[in-house]
Amino acid sequence: MKTVLYRIYQLFIVLPVFILWTIFIVSLIAIGCIIGDGNFWGYRPGVWWGRFVCKLLFLPVTVTGRENLKEEESYVFLSNHQGAFDIFLIYGYLGRSFRWMMKHQLRQIPFFGYACEKSNQIMVDKRGPKKVKETYDKARRILSGGISLCVFPEGSRTRNGKMREFKRGAFMLADELQLPVVPMTINGSFNVMPRTKDWHWAVWHPLSLTIHTPIYSETQGPENIKMLMEKSRAAINSALVPEYQDAE
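Since the structure is predicted, the reported quantities are computational estimates derived from the model, not experimental observations. Residue numbers here run from 1 along each chain, matching the order of that chain's written sequence. Note on the predicted model: pLDDT of at least 70 is required for a residue's local features to be given, and 80 or more for side-chain atom pairs to be given and counted; whole-chain, interface and lining totals, by contrast, use all residues. The basis for every side-chain value is the complete set of heavy atoms in the structure, and neither hydrogens nor water enter the calculation.

**Examining the overall build of the protein chain**
Logical step 1: Along its length, the protein chain carries 9 helices and 7 strands.
Logical step 2: Its C-alpha atoms give the protein chain a radius of gyration of 18 Å, within 12% of the compact-globule value 18 Å for 248 residues.
Logical step 3: A principal-axis box enclosing the C-alpha atoms of the protein chain has dimensions of 60 × 50 × 35 Å.
Logical step 4: Surface exposure of the protein chain reaches about 12,800 Å², of which carbon and sulfur atoms provide 61%.
Logical step 5: Averaging the locations of the 31 positively and 21 negatively charged side chains of the protein chain gives two centres separated by 7 Å. Secondary structure follows DSSP: runs of H or I at least 4 residues long count as helices, runs of E at least 2 residues long count as strands, and numbering of each begins at the N terminus. Radius of gyration here is computed from C-alpha atoms only, and the compact-globule reference equals 2.2 Å multiplied by the residue count raised to the power 0.38. Surface accessibility follows the Shrake-Rupley procedure with a 1.4 Å probe radius. Residue values consider only the protein chains on display as shielding. Under the counting rule used here, the positive set is Lys and Arg, the negative set is Asp and Glu, and His together with the chain ends is not counted. In this description, the location of a charge corresponds to atom NZ of lysine, CZ of arginine, CG of aspartate or CD of glutamate.

**Concerning empty space enclosed by the protein**
Logical step 1: We place a 1 Å grid over just the protein atoms. Points where a 1.4 Å probe fits but has no way out form a cavity, open points with protein on both sides within 12 Å along at least 5 of 7 lines form a pocket, and any residue with an atom within 4 Å of a point lines it. Grid points are joined across faces, edges and corners, and a volume is the space filled by probe spheres set on the points. Overall, the coordinates contain 1 cavity of 30 Å³ or more when judged by the stated rule.
Logical step 2: Its boundaries defined by the atoms lining it, the largest cavity holds a volume of some 30 Å³.
Logical step 3: In terms of lining residues, the largest cavity is bounded by Asn80, His81, Gln82, Glu154, Thr158, Gly161, Lys162, Met163 and Leu240.
Logical step 4: Residue composition of the lining of the largest cavity, by class: 2 nonpolar, 5 polar and 2 charged. Classes in brief: Ala, Val, Leu, Ile, Met, Phe, Trp, Tyr, Cys and Pro nonpolar; Asp, Glu, Lys and Arg charged; the others, Gly included, polar.

**As for a positive patch on the surface**
Logical step 1: A patch is a set of surface residues, each over 30% in relative accessible area and not in a salt bridge, joined within 9 Å for like charges and within 5 Å for the nonpolar side chains Val, Leu, Ile, Met, Phe, Trp and Tyr. A side-chain nitrogen of Lys or Arg and a carboxyl oxygen of Asp or Glu constitute a salt bridge if their distance falls within 4 Å. On the surface, a cluster of positive charge is contributed by Lys103, Lys126, Arg159, Arg164 and Lys167.
Logical step 2: Note on placement: Lys103 falls in strand β3 (residues 98–103).
Logical step 3: Only protein chains enter the accessibility calculation, which uses a 1.4 Å probe. A residue is then buried if its area is under 20% of the maximum for its type, exposed if over 50%, and partly exposed in between. By relative accessible area, which is 58% here, Lys103 ends up exposed.

**Quick notes on the nonpolar core**
Logical step 1: Note on terminology: a nonpolar core comprises buried Ala, Val, Leu, Ile, Met, Phe, Trp, Tyr and Cys residues joined through side-chain atoms within 4.5 Å. Grouped together as the largest cluster of nonpolar side chains are 43 residues, with contacts concentrated most on Leu57, Phe77, Phe85, Ile90, Phe98, Trp100 and Met184.
Logical step 2: Of all the elements in the fold, those that place two or more residues in this core are α1 (2–35), α3 (44–56), α4 (85–93), β3, α5 (112–118), β6 (181–187) and β7 (207–211).
Logical step 3: Broken down by element, the residue count for this core peaks at 8 residues, all from α1.
Logical step 4: Note on contacts: a residue pair is in contact if any heavy atoms of the two residues lie within 4.5 Å. Apart from the residues within four sequence positions on either side, Phe85 is in contact with Val53, Leu57, Leu59, Ser189, Val192, Met193 and Ala202.
Logical step 5: Counting residues in hydrophobic clusters, the runner-up holds 26 residues, among them Leu78, Val151, Leu179 and Met229.

**Examining α4**
Logical step 1: With 8 of 9 residues buried, α4 is to be regarded as a mostly interior element.
Logical step 2: Along α4, the residues that are buried comprise Phe85, Asp86, Phe88, Leu89, Ile90, Tyr91, Gly92 and Tyr93.
Logical step 3: Trailing α4 by a residue or two, Gly95 shows a phi angle of about 80 degrees, which is positive.

**Concerning the packing of helix α6 (residues 129–142) against helix α7 (residues 169–177)**
Logical step 1: In this description, a line fitted to the C-alpha atoms serves as the axis of each element, helices being fitted only across the stretch in contact, and the angle between N-to-C directions of two axes falls anywhere from 0 to 180 degrees. One way to put it is that α6 packs onto α7 with a least axis distance of 11 Å and a crossing angle of 60 degrees. You can see that α6 and α7 cross each other, and the crossing is right-handed. Between α6 and α7, the residues in contact are Tyr136, Ala139 and Arg140 and Met172, Leu173, Glu176 and Leu177, respectively.
Logical step 2: Here the residues of the contact of α6 with α7 sort into 5 nonpolar, no polar and 2 charged. Note on convention: the crossing is left-handed when the near helix lies turned anticlockwise from the far helix by less than a right angle, right-handed when the turn is clockwise.

**Observations regarding a nonpolar patch on the surface**
Logical step 1: Residues Met1, Val4, Leu5, Ile8, Leu11, Phe12, Ile13, Leu15, Ile19, Ile23 and Trp201 make up a contiguous nonpolar surface patch of about 1,100 Å² in total accessible area.
Logical step 2: Residue placement: Ile8 occurs in helix α1.
Logical step 3: Here Ile8 falls in the partly exposed class, since its relative accessible area comes to 42%.

**Concerning the sheet that holds β6**
Logical step 1: A pair of strands counts as paired when DSSP detects no fewer than two bridges linking them. One open sheet accounts for 7 strands, arranged β1-β7-β6-β2-β5-β3-β4; its pairing is mixed. Strand pairing shows two members of the sheet lacking a second neighbour, β1 (61–64) and β4 (122–124), which therefore form its edges. With direction set aside, neighbouring strand axes in the sheet form an average angle of 25 degrees.
Logical step 2: Pairing geometry for strand β2 (residues 76–79) and β6, over 4 bridges, is parallel. In the sheet register, Leu78 faces β6, and the bridge partner there is Pro183.
Logical step 3: Packing of α4 onto the sheet brings it into contact with β1, β2, β3, β5 (148–151), β6 and β7, and relative to β3 it is tilted by some 155 degrees.

**Notes on the side chain of Thr158**
Logical step 1: Within the secondary structure, Thr158 is located in the loop between β5 and α7.
Logical step 2: Take Thr158: its relative accessible area is 2%, and that puts it in the buried class.
Logical step 3: Side-chain atoms alone can form a polar contact between residues adjacent in sequence; in general such a contact is a pair of N or O atoms within 3.5 Å, and within protein one must be able to donate a hydrogen while the other accepts it. Side-chain polar atoms of Thr158 contact the backbone oxygen of Lys162, separated by 2.6 Å.
Logical step 4: Leaving out residues up to four positions away in the same chain, Thr158 has contacts with His81, Gln82, Arg164, Phe190 and Arg195.

The quantities given are spatial measurements derived from coordinates; they are silent on function.
Right, here's the structure in full:
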């Protein structure tokens, strides 16, 4: 009975409110970045959006590890990618101003791409060395004074709850800019809405975000990138529920 009522609530309350709220937030970001401070409008409305969606669905959220972060230091945050609700969880509850690392093709999505451009999200363009250098230069300008970057190093969401292979892009950027990386573990998002059930009913389940100790570069180059990848994956894996951990 509870499941039926929860689905009725999603259909008649959550869905229309979510659509209207998302349109409002995206519009607010675009307009705010045009007429005001891009650092504020590129981040704060996302916090309101993420928290509101989690509360709208009555999803309890637990965050641990914020004490591991230093004020005014910029980081590259790296998280496992369990499902669609990872975005709401990180936006709403990380508690740090950050920008997303995303594919440059997303710039072509009407309105959304414009809002991302105006809010200084890092659009990764790998179409040749010149484009890669432009990406690094933009990241260097933006990621300072406590503004950080958030990346899903798997590149796409898991299909079974376990982590996919990590891509090197975020670690190469962290190595290039000599920024500490902060692994984060998400639990529960796969239970709420896994990739295989996009646009289906959300399932009530607690969400948790574990923020691990920052990992600082020891050198610079391929060996440092490898070290960052291995330590990050081990940290994220350590806090996953046993069902989704990597086999030792």
